[in-house]
Amino acid sequence: MGFRCGIVGLPNVGKSTLFNALTETQNAEAANYPFCTIEPNVGQVSVPDERLDKIAAIAKSAKVIPTQLAFVDIAGLVKGASQGEGLGNQFLGNIREVDAIVHVLRCFEDDDIQHVANHVDPLADAEVVETELMLSDLESLEKRVENAKRRATGGDKEAKALASVLGQALDLLRDGKPARLVEPNDDEEAALFAQAQLLTAKPVLYVCNVGESEAAEGNALSAKVFAKAEAENAQAVVVSAAIEAELVAMDAEDRAEYLAELGLAESGLARVIKAGYTLLGLKTFFTAGPKESRAWTFPDGGKAPQAAGEIHTDFEKGFIRAETIAYEDYIALNGEAGAKEAGKMRQEGKEYVVQDGDVMLFKFNV
């Protein structure tokens, strides 16, 4: 299981430049005018993980396969999108299809790059996008809540739960707050809320696009965005799209040296991935052997059969057990044989909650 992040923001904030850098492609045309990205570009990105390389070295794997995530570069949005202005209908449709929103906000001054509002204010930019998403959700919910309440009076239990959770979302939206702040009362409401597919219910990662000299510490503008993210239980990272674009053309050694000169421990891509994993509650488990070592993404709290299902649905259907080694034990004991000899290979059943870094071999019967 990977995840699909939609990169959004006003025109000319650095969305396409960031997309090109993150995916190491030039599929999205980066130009100094609105709507240079008309069709959503999708880029698959390998998730860097030092643990995978160490596991593969011990297993002497012929192939190393990292897990993947997708970035979708979505057309720039303007005020009035919820009413179809600009590319509004297309924008909203594309947002509905992603798991999380990566909201790029311009936190740099540059007279050579036009801003649609003619002044740099990331909080105002964020409000434009959020308002359009809220208006779209409001329009969607008003009739749905009314219908659910009507059915609930007739004794429909599901309609009662739906009216409760969507009514809470409607109240938040009317108060100018996103639906992701909804707190379902139970699992049934949580499931119904997820099925509603509200735009403002999606988790948000704010990416503060700053100048090269501010990539390490950020600036006053990015500090305001971080405060906003904290208040909303969202995530935020500082990235310089310009630096990321330069890193694309470098080899690994030059990249490390360049990042060190800038006071950066890792690339913007790495920071975005880590924040995205935190945002969506994702973890990684590994499979290892002489043919290949591979990383797999799964939801936090997922059990062994679910993890097996990430490899193949038959593994989940016919799950018997999972031979499991903690990452630290796999490294310290030099692989499967050493872990097994030391009694660190565990036989886990259907109720085992997979831990981040587990090295697993699934036994199944179909």
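Cut-offs and rules
- Residues numbered from 1 in each chain as written.
- Predicted model: local features only at pLDDT ≥ 70, side-chain atom pairs only at ≥ 80, totals over all residues.
- Heavy atoms only, no water.
- Helix = DSSP H or I, 4+ residues; strand = E, 2+ residues; numbered from the N terminus.
- Buried < 20%, exposed > 50% of the residue type's maximum accessible area, 1.4 Å probe, protein only.
- Contact = heavy atoms within 4.5 Å.
- Areas by Shrake-Rupley, 256 points an atom, 1.4 Å probe, with all protein chains shown as cover.
- Core = buried A, V, L, I, M, F, W, Y, C linked by side-chain atoms within 4.5 Å.
- Salt bridge = Lys/Arg side-chain N within 4 Å of Asp/Glu carboxyl O.
- Expected span 1.5 Å × (residues − 1).
- Phe/Tyr/Trp six-rings, centres within 6.5 Å; stacked < 30°, edge-to-face > 60°.
- Pairing = 2+ DSSP bridges.
- Axes fitted to C-alpha atoms, helices over the stretch in contact; angles between N-to-C directions.
- Right-handed = clockwise from strand over helix to strand, strands pointing away.

A word on the overall build of the protein. Each helix and strand counted, the protein has 14 helices and twelve strands in total. Burial statistics for the protein: of 366 residues in total, 49% are counted as buried. Expressed as a percentage of contacts within the protein between residues at least 6 apart in sequence, the contacts between residues at least 24 apart total 69%. In the structure as shown, the protein presents an accessible area of about 17,700 Å², 48% of it carried by carbon and sulfur atoms.

With 51 residues, the main nonpolar core has Phe-71, Leu-205, Tyr-206 and Val-207 as its most contacted residues. The leading source of residues in this core is helix H10 (residues 268-280), at six residues.

Once that is clear, we can look at the pattern of salt bridges. Proximity of charged atoms lets side chains of opposite charge pair with each other. Tallied over the full model, the rule gives twelve salt bridges. We note a salt bridge from Lys-228 to Glu-232, for which the minimum N-O separation is 2.7 Å. With Lys-228 and Glu-232 both in helix H7 (residues 220-232) and four residues apart, the pair spans about one turn of that helix. Under the relative-accessibility criterion, Lys-228 is labelled buried at 18%. Lys-274 is the partner of Glu-266 in a salt bridge, and the nearest nitrogen-oxygen pair spans 2.8 Å.

Moving on, we get to H10. Here H10 is 13 residues long and its end C-alpha atoms lie 18 Å apart, about the 18 Å a rise of 1.5 Å per residue gives. Counting buried residues in H10 gives ten out of 13 residues, a clear majority hidden from the surface. Regarding H10, the residues found buried are Gly-268, Leu-269, Ala-270, Arg-271, Val-272, Ile-273, Ala-275, Gly-276, Tyr-277 and Leu-279. Taken from the residues just after H10, Gly-281 is the one with a positive phi, measuring 65°.

So, about unusual backbone geometry. For Lys-60, which is not a glycine, the phi torsion comes out positive at approximately 55°. What makes Lys-60 exposed here is its relative accessible area of 66%. The phi angle at Gln-197 is positive, at roughly 55°, despite the residue not being glycine. Looking at the secondary structure, you find Gln-197 in the loop between helix H6 (187-195) and strand E6 (204-209).

Another aspect to go through is the packing of aromatic side chains. Overall, the coordinates contain five aromatic pairs when judged by the stated rule. Taken together, a centroid distance of 6.3 Å and an interplanar angle of 15° make the contact between Phe-285 and Trp-296 stacked. One end of the pair, Phe-285, is in strand E8 (residues 282-287); the other, Trp-296, is in strand E9 (residues 292-299), and eleven residues separate them in sequence. For the residue pair Phe-285 and Trp-296, the accessibility class agrees, reading buried in each case. What links up through ring pairs into an aromatic cluster is the set Phe-285, Trp-296, Phe-298, Phe-319 and Phe-362.

Bringing the sheet that holds strand E5 (residues 100-106) into the picture now. Across the sheet, six strands lie side by side as E2-E4-E1-E5-E6-E7; this open sheet has mixed pairing. Among the strands making up the open sheet, the edge pair consists of strand E2 (41-46) and strand E7 (235-239). The average undirected angle you get between the axes of adjacent strands in this sheet is 25°. Bridge count between E6 and E7: five bridges; the pairing is parallel. Each residue of the ladder has a partner; that of Asn-209, found in E7, is Val-239. Strand contacts of helix H4 (residues 122-152): E5 and E6, with the helix running at about 145° to E5, the strand carrying the most contacts. Against the sheet, H7 engages E5, E6 and E7, with an angle of about 175° to E6.

Moving on, we get to the pairing of E7. Of all five residues that make up E7, four are buried, and the element is covered over most of its length. In this view, the connection linking E6 to its parallel neighbour E7 by way of H7 has right-handed handedness.

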